[in-house]
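The chain contents come next:
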Amino acid sequence: YVSAHPSSLFVKIDLLPTMKCLEKVNDAVGGSFIGRFFKFEERGAKFSHELAGATATFLTMAYILAVNPRILADSGGPCVPDPPEEGGIFGANYEACLEEIKRQYITATAIGSMVGCLIMGLFANLPIALAPGMGMNAYFTYSVVGWRG
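Not measured: the values here are computed from a predicted model.

A. Fine view of the layout of surface pockets. For the largest pocket, the calculated volume is near 930 Å³. As for the largest pocket, its lining consists of 32 residues, of which A54, C117, P127, I128 and A129 are closest to the centre. A class-by-class count of the residues in the lining of the largest pocket yields 24 nonpolar, five polar and three charged. Looking at the second largest pocket, its volume works out to about 170 Å³.

Structural data, given as structure tokens:
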């Protein structure tokens, strides 16, 4: 419930019901197969804390899904430029090919991140997130291959 005293500028919110519910969820997950597998009790972990950490990690790393494919697509990928009279590397067909390649790179980046994170979580039992490194991709795209190949 929310209560406010007319002479007060502050609103008092009762979080007790929410905290009790969160404790029930933490206890339920901690005693489940998932809690035992990830050793929540041994490590003093709580599901709500792990969920908050996972959300923060995802939000920290989500930019990779947008930036990495763009860097890789700047290399031109497997796209063949249009004839010079149709615009070459600025032609409509070449641009359409690059857009398709970007979508494929987004998928590959997401799958690569997912596999890396699952391996770290399930086999190493560590809360470490992995994703493709953009430094090497930028070096490859802009130094080795060059812009649009």
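B. Focus on the state of the cysteines. Enumeration over the complete set of coordinates arrives at one disulfide. Disulfide pairing is shown between C79 and C97; the S-S distance is 2.0 Å. In this structure, the disulfide formed by C79 and C97 twists by about -85° around the S-S bond and is classed as left-handed. Highlighted residues: C79 in the loop between α5 (63-73) and α6 (92-122) and C97 in helix α6, separated in sequence by 18 residues. You can call C79 buried: its relative accessible area is 9%. A relative accessible area of 26% places C97 in the partly exposed class.

Rules and cut-offs
Residues numbered from 1 in each chain as written. Predicted model: local features only at pLDDT ≥ 70, side-chain atom pairs only at ≥ 80, totals over all residues. Heavy atoms only, no water. 1 Å grid on protein atoms, 1.4 Å probe; cavity = no way out; pocket = protein on both sides within 12 Å on 5 of 7 lines; lining within 4 Å. Points joined across faces, edges and corners; volume = space filled by probe spheres on them. Nonpolar A, V, L, I, M, F, W, Y, C, P; charged D, E, K, R; others polar. Disulfide = S-S within 2.5 Å. Helix = DSSP H or I, 4+ residues; strand = E, 2+ residues; numbered from the N terminus. Buried < 20%, exposed > 50% of the residue type's maximum accessible area, 1.4 Å probe, protein only.

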